[in-house]
Amino acid sequence: MSVDALRNAVINFIVRTFEKFSIVQTVDDGNAPEIIEEKYEITYDLNDYTIDYHEYNETFRNTVYVNDNYVIDFSQYTKSAYDLLINTENAETTAIDINGKEAVYFYDNHNYSHIIWDIGDYIIDVSSNINKSELIKIVNSVKKIE
C-alpha cells in the first residue's frame, strides 16, 4: 500500500512524507550563498569523542564524531545543495527551538534523533543516537567559526 506524498511547510522546509521515508528540501529564496563562505561547527565539549569521518567541499561539510557506541553526525549545507531523503517510517516530525530559530526534530526507527534547521544562509543537520536533551544542548552550541 502506498501513501501519497504530503507537503508540509515547516519553517523554511518542505517535508514530503511517504509511507517509509520523507524528503526534506529547503525553501530557498535565491539570496543564499552558492558555496560555503562561513563555516559552522559544534562548540560543545566533545573531548570524549574522536572524529571518525569528515568530508568538505564547496557546498557541504560533514563531520562524524564517535564515542564508544555513540555517534554525532554534523553537516552544514548550502541551501541549494540541501535535498535529503530521510527514513521517517513511523516517525513524527515536530518543530523545536534552536537558538531562537525553529528547527525540524524527529526520532527515527533506528533510534536516531535528527535536528535540521535553517540558520539563515545555510542548513545545519545533526543526527545522533544520544538522548534528545543532550542532542539539543549540542545543537544549541553550533556557532560560526570564521
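Above this text is the structure in question.
Asks: Explanation requested: the pattern of salt bridges in the structure shown.
Replies: Summed over all chains, the structure comprises three salt bridges. D118 is paired through a salt bridge with K79; the nearest N and O atoms lie 2.9 Å apart. Here D118 is found in strand β11 (residues 113–118), whereas its partner K79 is found in the loop between β7 (70–78) and β8 (83–86), with 39 residues between them in sequence. Of the two residues, D118 and K79, both sit in the buried class.

Asks: Looking at this model, I keep getting lost on the sheet that holds strand β6 (residues 60–67). Mind explaining?
Replies: To summarise the sheet geometry, strands pair through backbone hydrogen bonds and adopt either a parallel or an antiparallel arrangement. Pairing is antiparallel in the open sheet, where seven strands are placed in the order β5-β6-β7-β12-β11-β10-β9. Each having just a single partner strand, β5 (50–56) and β9 (94–98) make up the two edges of the open sheet. Going across the sheet, the axis of each strand differs from the next one's by a mean of 20°, ignoring polarity. Strands β7, β9, β10 (101–107), β11 and β12 (122–128) of the sheet are contacted by helix α1 (residues 132–140), whose axis makes an angle of about 30° with β11.

Rules behind the numbers
Residues numbered from 1 in each chain as written. Predicted model: local features only at pLDDT ≥ 70, side-chain atom pairs only at ≥ 80, totals over all residues. Heavy atoms only, no water. Salt bridge = Lys/Arg side-chain N within 4 Å of Asp/Glu carboxyl O. Helix = DSSP H or I, 4+ residues; strand = E, 2+ residues; numbered from the N terminus. Buried < 20%, exposed > 50% of the residue type's maximum accessible area, 1.4 Å probe, protein only. Pairing = 2+ DSSP bridges. Axes fitted to C-alpha atoms, helices over the stretch in contact; angles between N-to-C directions. Contact = heavy atoms within 4.5 Å.

These figures come from the coordinates and say nothing about function on their own.
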